[in-house]
Amino acid sequence: HMLEYTKGENRAKKAVSYVVRVINHQSKLIDEFSKRIDRGFYLYLPEKERKVLVLCLISLTYPIMYELLAAIGKGLKAQDSVNKKFINEKIYTIFGSNRAVDVAIDAIIPMAIELNAIRRVKTSLYEKTPDINVLHPIISELVLLVDLKWSGTKTLLFEDLEFRPWFSFFNINLDRLQKPSILKFQDGNFGKGYLSI
């Protein structure tokens, strides 16, 4: 079945291995969210939110995806596009500079493009796509969870979302965020409140 979505048998096998790893590593999270959704949930999601769901699951399983998008988000605050050298340097500072990291970067950039997070302007030059509107509360919670998990912070203030690089790719409607099942919401003394895991 994966051959329908990939070019060649080797790519199909590699894609299946990624899917199996995501499902195995995120099984508790998937089980928790499946308590709040019905079978048709994925089918009724708009395509862009489906891609955000996949992007979040990949980012939770492979932190290099989160770091790549966070690095691109930081770079795009100062300029309209970033080049591959900029991306590599940012990723090398976190994961080191070796062949495995190069292979990972080369694997996840096409995924980020396919999932509509970034766009390739020309060879080795990337820009952000228009922000993805995330309307479904479960998908919003996943986007928030990814940043909380990999950013190293214990809490996430709602007022700070616009300044965090990961969120430069998404428009999240916090008013639609219902009772989170994974995250804990607490009212803030001066602002809208904050989330924690």
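All values reported here derive from a predicted model rather than from experimental measurement.

Q: For this particular structure, what's the right way to read a nonpolar patch on the surface?
A: On the surface, V19, I23 and I30 cluster together to form a nonpolar patch covering roughly 220 Å² of accessible area. Within the element layout of this structure, I30 appears in helix α2 (residues 27–34). A relative accessible area of 32% places I30 in the partly exposed class.

Q: Any chance you could explain the sheet that holds strand β8 (residues 194–196) here in plain terms?
A: Backbone-to-backbone hydrogen bonds pair the strands of a sheet. The strands run either parallel or antiparallel. The strand order across the open sheet formed by three strands is β5-β8-β7, and the pairing between neighbours is antiparallel. Of all the strands in the sheet, just β5 (155–157) and β7 (184–186) have a single pairing partner and so form its edges. Across the sheet, the axes of successive neighbouring strands diverge by a mean angle of 25°, strand direction being ignored. Across three bridges, β7 lies against β8 in antiparallel orientation. Pairing of Q186 across the sheet is with Y194, part of β8. Seen against the sheet, helix α8 (residues 137–151) touches β5 and β8 and runs at an angle of roughly 125° to β5.

Criteria and cut-off values
Residues numbered from 1 in each chain as written. Predicted model: local features only at pLDDT ≥ 70, side-chain atom pairs only at ≥ 80, totals over all residues. Heavy atoms only, no water. Patch = residues over 30% accessible without salt bridge, like charges linked within 9 Å, V, L, I, M, F, W, Y side chains within 5 Å. Areas by Shrake-Rupley, 256 points an atom, 1.4 Å probe, with all protein chains shown as cover. Salt bridge = Lys/Arg side-chain N within 4 Å of Asp/Glu carboxyl O. Helix = DSSP H or I, 4+ residues; strand = E, 2+ residues; numbered from the N terminus. Buried < 20%, exposed > 50% of the residue type's maximum accessible area, 1.4 Å probe, protein only. Pairing = 2+ DSSP bridges. Axes fitted to C-alpha atoms, helices over the stretch in contact; angles between N-to-C directions. Contact = heavy atoms within 4.5 Å.

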